[in-house]
Amino acid sequence: AMSSSTSSSCSAPHVPLVPALVKADIETLSREGITIVPIDPLGATVSGMDVRNPPSEAALRALEHSMALRGFIAITGCGVLSPNEQIKASCFFGGREVHSTHGVHPATPDMNEHIFRLSNDPRHGTLGVGPQWHNDGSFTSGTFSHVGYHIVQAASHGGGTFFSHQGAAFDLLSPSEQETWSRYVSVNSNSGVLHPLVQAHPVTGRKSVWLHLGMTGAVIDCVHTPGEEPPLSLRLLGNDELKALMIRYNDLLNSGVSNNFTIEYTYSPGDLVVIDNLAVGHKAAPSAHLPVATQGLRILHRTTVKATRDLSPPHGLPQFVDIHGPNQLNDDGYWGGGGIGFRWDDDIHMQN
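Just so it is clear, the model here is predicted, and its values are computed rather than measured.

So, the sheet that holds strand β2 (residues 44-47)
Alright, step 1. With respect to topology, seven strands assemble into an open sheet ordered β1-β2-β3-β14-β5-β16-β4, the strand pairing being mixed. Lying at the two open borders of the sheet, with one neighbouring strand each, are β1 (35-38) and β4 (116-119). Recorded for the sheet is a direction-independent mean angle of 20° between the axes of neighbouring strands.

Printed below as a string of structure tokens:
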């Protein structure tokens, strides 16, 4: 449920929170018979593109730029892609090669190690993944640059994914929240990797929020005061602060439904959705996990693309710490390694 506090500090934006497509990108694609059309309020549909026979490098860069601006593209009419066809299409973007970290479900075609097969039927794929807001690959130093979601079997009813524009979310924070969140660094509950809660997008430079609500073992408040000794003060958020932060983050991204920067995308047969994993956060719609008897069989293949750079913490902090070791900061701070990390709501499903 959305909190009424989400809108209390928000003022009406003077410009759309999610930028429009760029005319030059539209024209570049059009010259190769590819049509890109914005989805309201974010994302874009791409038609006339044969992912098995890629367009020019200029067209691919136009698509990549469009994703950086609007979060994701939905390439329509792909049919059912083989694992290798999906892998090849995903690697048009970002780091240009797959970075796979998941398990392989027994029903995965050819047991391809680069396909993460998700379903609402355990015989067909992994159940229940990603019900809370997150970015994929948050346990790695760079996270994934792009992620591909190919609907192999679309559910009869619902079964979509929520996407939220993290630059727009930052803009809706109050100035004091922007300042405070820009000091925060999250610690992954499994790998101990450190990532800033606010990052500048590598393509657009736009300040964007970034947090995994199902795999965070600590958040560090980094106060940098030049001229003081030491210039950097580190403090762990306590349980109450961490709970408040995660509830606020959840409410903020949920509020994008009414503030025009969050969408539930419902897959159509043949869709290949590719996201810029530093521009949008995502979570599975609740309907994605309903049983087959309720909504029909749903099968989704996910591919993940190598980062183009590390998402590094500020002030020379290390990229990794031992989250499974003892807390070396303030005793009243939360420090917890393993699994889903800090449980900020006892009544919700959390799974990675």
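Here's the deal with the pattern of salt bridges
Alright, step 1. Under the definition given, this model contains 13 salt bridges.
Alright, step 2. Salt-bridge contacts for Arg61 lead to Glu64; the nearest nitrogen and oxygen are separated by 3.1 Å. Taken together, the residues Arg61 and Glu64, both in helix α2 (residues 57-70) and three residues apart, mark about one turn of the helix.
Alright, step 3. Overlapping salt bridges bring together Glu57, Arg61, Glu64 and Arg96 as one network.

A few points about the sheet that holds strand β6 (residues 161-165)
Adjacent strands of a sheet form backbone hydrogen bonds with each other and so pair up, either parallel or antiparallel.
Alright, step 1. Pairing in this open sheet of three strands is antiparallel, and the strands run β13-β6-β15 from one edge to the other. Lying at the two open borders of the sheet, with one neighbouring strand each, are β13 (262-265) and β15 (280-284). The sheet shows a mean angle of 20° between the axes of neighbouring strands, taken without regard to direction.
Alright, step 2. Where β6 lies against β15, five bridges are found, and the strand directions are antiparallel. Bridge pairing in β15 links Thr161 to Ala284.

Details of the side chain of His282
Alright, step 1. Within the secondary structure layout, His282 lies in strand β15.
Alright, step 2. There is a polar contact of 3.3 Å between the side chain of His282 and the side chain of Asp136.
Alright, step 3. Once residues within four sequence positions are removed from consideration, His282 is found in contact with Gln132, Trp133, His134, Asn135, Asp136, Tyr149, Thr161, Phe162, Phe163, Ile275 and Asn277.

A closer look at the confidence of the model for the protein
Alright, step 1. Scored by pLDDT, the protein comes out at a mean of 93, with 95% of its residues at no less than 70.
Alright, step 2. pLDDT under 50 marks residues 1-14. Its contacts with residues more than four places away, or in other chains, come to 17 contacts.

Some points on the packing of aromatic side chains
Alright, step 1. The full count for this structure, using the stated rule, is seven aromatic pairs.
Alright, step 2. On the numbers, 6.3 Å between centres and 50° between planes, the contact of Tyr149 with Phe163 is tilted. Here Tyr149 is found in strand β5 (residues 146-153), whereas its partner Phe163 is found in strand β6, with 14 residues between them in sequence. Note on accessibility: Tyr149 and Phe163 belong to one class, buried.
Alright, step 3. Following the ring pairs from residue to residue traces out a cluster consisting of Phe72, Tyr149, Phe163, Tyr265 and Tyr267.
Alright, step 4. The residue whose ring lies beneath Lys283 is Phe162, and the NZ or CZ to ring-centre distance is 5.6 Å.

Comments concerning the pairing of strand β7 (residues 184-188)
Alright, step 1. β7 sits mainly inside the fold: five of its five residues count as buried.
Alright, step 2. Burial along β7 is two-sided: Tyr184, Ser186 and Asn188 and Val185 and Val187, pointing in opposite directions, are all buried.
Alright, step 3. Examined bridge by bridge, β7 and strand β11 (residues 216-224) share five bridges and lie antiparallel to one another. By the bridge assignment, Val185 is partnered in β11 with Ile220.

Rules behind the numbers
Each chain has its residues counted from 1, running along the sequence as written. Note on the predicted model: pLDDT of at least 70 is required for a residue's local features to be given, and 80 or more for side-chain atom pairs to be given and counted; whole-chain, interface and lining totals, by contrast, use all residues. Each side-chain value is worked out from all heavy atoms of the structure, with water and hydrogens disregarded. Two strands are counted as paired when DSSP detects at least two bridges linking them. Strands here are runs of E lasting at least two residues and helices are runs of H or I lasting at least four, both read from the DSSP assignment and numbered beginning at the N terminus. Helix axes are fitted to C-alpha atoms over the stretch in contact, other axes to C-alpha atoms as well, and angles between N-to-C directions run from 0 to 180 degrees. By convention in these notes, a salt bridge is any Lys or Arg side-chain nitrogen within 4 Å of a carboxyl oxygen on Asp or Glu. Pairing of N or O atoms within 3.5 Å defines a polar contact, subject to two protein rules: one partner must be a possible hydrogen donor and the other a possible acceptor, and residues neighboring in sequence count only if both atoms are side-chain atoms. Contact definition: two residues touch when any of their heavy atoms are within 4.5 Å. Summary of the metric used: pLDDT quantifies the predictor's per-residue confidence within the range 0 to 100. Any pair of Phe, Tyr and Trp rings, taking the six-membered ring for Trp, is counted once the centres come within 6.5 Å. Such a pair is stacked with planes under 30 degrees apart, edge-to-face with planes over 60 apart, and tilted for the rest. Relative accessible area decides the class of each residue, using a 1.4 Å probe on protein chains only: under 20% of the type maximum gives buried, over 50% gives exposed, and in between gives partly exposed. Only when the NZ of Lys or the CZ of Arg is both within 6 Å of the ring centre and within 35 degrees of the ring normal is a charge said to sit over the ring.

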